[in-house]
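Listed here are the chains, written in short residue letters.
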Amino acid sequence: MASSQLFDDHYRTPKPPPPLPSPNYGRDRIYLKKFKDCLNLHEEKKEIWDKVFKEGYGADVCVVTGKDDVHFATGGDRVILAHSCILVISSPVLRSLLEKAPIKNNFKIIKISGVTQEVARVFIRFLYSSCYEEEEMKKNAIHLLVLSHAYSVPSLKKLCIYHIEKSILTKENVVDLLQLARGCDAARLAYVCTRLIFKDFKSVSGTEGWKVMRDVNPTLEQELLEFLVEADSRKLERSQKREEHQTYFLLYEAMEALVHISQDGCRNIWPADKSLNHIESQGGNCSFPACKRIELLVRHFRGCDLSVPGGCADCKRMWQLLELHSRMCSESYYCTVPLCRYFKEKMQNLNKKEKQKWDLLVSRVRASKGTLSSICYMKVS
C-alpha cells in the first residue's frame, strides 16, 4: 500500500522540463562552425603557399645573395627559387627589379645583397604565405627590418618592429636601433627607443653605442639632448600645473566648508540661529572634506587677540578666505558668512589692476571644480 502511494505521488508531481534553447542557439552554432571552417581554410591556404615556396615547383626566378656565379641546382647554397608573379604582387621594388633582370637558362636573376642566404630565404618565404619560424624571426629581425624597408613590405616591417621591441631592444643597443629606425622610417621603433633613452639617460649615455654616435653623428646627439631638456621642461610644467590646480581645488573646498559652517554649523561650531539639537540631528559624518580644517581656523580666529589684518599667520589666512568668499558669493544681503558684506563694500574701492587679480583667482578656483555660476547657494531668511 505504501509503495503504490509513493508511485502515485511520483507521477502526480511532474518534474520541471529542461529550459528551452535561446532563439539564437542554432544560428550561433552555425556561425561558429562557419567561422572555424574559415580559419581552417585560411591555414590550409597558407600551408599550400608555403609548400609552393619550399618545393619551388614552376619557379622562374633565382634569388641570389653571394658574389659567385649562380648555381642553378635547386639545392644551391646561394640560390633561392621563387615565382615572379608572387614577387611582383608582394613588392613594387621587386617588380622593378624583375622588369630589368637578366635571364639565364629561362630563369630571371635578381640579387639581394648585404644579407645572408638564411635571411633572404626567410624574407622570400614571408612574401608567399606570411609564415616564419619564431627563432628565425628573433635572430634575423634587424636584417629583415632593413629588407622590408628597402623592398617596401609594410606587413613584414610591423612584424620586425614588434620582435625588436619585445626581444632585442636593450639599453646597450638602443642608440644603434634608434639610428636604424630613423633610417628605415620606423616611427614607432624610433619613439620606443627615444623613450627608453629618456627613461634612463645616465646609463644609455655611458654605453659604447652613444660614444660612437657622438663621433659619427653629433647632430643626432644634439637633437636628443635638446629633446631631453624639452621633455624635462614639459614634465616640470605639468607638475607645476598639477600643484596649481590642487591649490585652487583646496580653496574651492575651503569655500564650500566655510559656507557650510556659517549656514548650517558642524561638529562643535554652529551659527547663532542654530541649536545643538539641530547639529546633532545631522549626524556625526560631514560630507565636506575641508570642514575640520576650516572649523579649527574659525575657532582660532574667534579667540586670537591678533585677529586683524597683519596679525598671526592663521588669522591672515582666515582674512584671505573671507575676502575670497565675498568675491565668489552671489548673495548681496543675506549671506551668513562673517564679513561678507564688509568685503563687498571694500571691493568697490579697489583699482582696476587689483580687481583683475581677484577676478582671475575666482575664475580659476571655480574652474578647479567645474563650471559654476556661483559657489554660494544661500537660504534667504
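Scroll up to find the structure.
The structure contained in this document is the topic of the report that follows. (Residues numbered from 1 in each chain as written. Predicted model: local features only at pLDDT ≥ 70, side-chain atom pairs only at ≥ 80, totals over all residues. Heavy atoms only, no water.)

**Re unusual backbone geometry**
At step 1: The backbone of Asn106 shows a phi angle near 70°, a positive value even though the residue is not glycine.
At step 2: Mapped onto the fold, Asn106 is located in the loop between strand E3 (103–104) and strand E4 (107–111).
At step 3: Given a relative accessible area of 71%, Asn106 falls into the exposed group.
At step 4: Unusually for a residue other than glycine, Ser130 sits at a positive phi of about 60°.
At step 5: Within the fold, Ser130 resides in the loop between helix H5 (117–129) and helix H6 (134–150). (Helix = DSSP H or I, 4+ residues; strand = E, 2+ residues; numbered from the N terminus. Buried < 20%, exposed > 50% of the residue type's maximum accessible area, 1.4 Å probe, protein only.)

**Considerations on the pattern of salt bridges**
At step 1: Counted according to the given criterion, the structure contains 13 salt bridges.
At step 2: Between Asp50 and Arg125 there is a salt bridge; the shortest N-O distance is 2.8 Å. Of this pair, Asp50 sits in helix H2 (residues 25–55) while Arg125 sits in helix H5; the two residues are 75 residues apart in sequence, bridging distant segments of the chain. For the residue pair Asp50 and Arg125, the accessibility class agrees, reading buried in each case.
At step 3: The shortest N-O distance in the salt bridge between Lys139 and Glu118 comes to 3.5 Å. Residue Lys139 is found in helix H6, and its partner Glu118 is found in helix H5; the two are separated by 21 residues along the sequence.
At step 4: Overall, the relative accessible area of 57% leaves Lys139 in the exposed class.
At step 5: Residue classification places Glu118 among the partly exposed positions, given a relative accessible area of 29%. (Salt bridge = Lys/Arg side-chain N within 4 Å of Asp/Glu carboxyl O.)

**So, the packing of aromatic side chains**
At step 1: Evaluation of the coordinates by the stated rule reveals six aromatic pairs.
At step 2: Seen in terms of ring centroids, Phe123 and Tyr151 are 5.6 Å apart; in terms of plane orientation they differ by 45°. Their pairing is tilted. Here Phe123, found in helix H5, pairs with Tyr151, found in the loop between H6 and helix H7 (154–168); they are 28 residues apart in sequence, far enough to count as distant. Of the two residues examined, Phe123 and Tyr151, each falls in the buried class.
At step 3: With a centroid separation of 5.1 Å and an interplanar angle of 65°, the aromatic rings of Tyr342 and Phe343 are classed as edge-to-face.
At step 4: Among the residues examined, Phe343 registers a relative accessible area of 2% and is labelled buried.
At step 5: One aromatic cluster is present, built from ring pairs that chain together Trp319, Tyr342 and Phe343.
At step 6: Positioned above the aromatic ring of Trp358, the side-chain terminus of Arg327 is 4.7 Å from the ring centre. (Phe/Tyr/Trp six-rings, centres within 6.5 Å; stacked < 30°, edge-to-face > 60°. Lys NZ or Arg CZ within 6 Å of the ring centre and 35° of its normal.)

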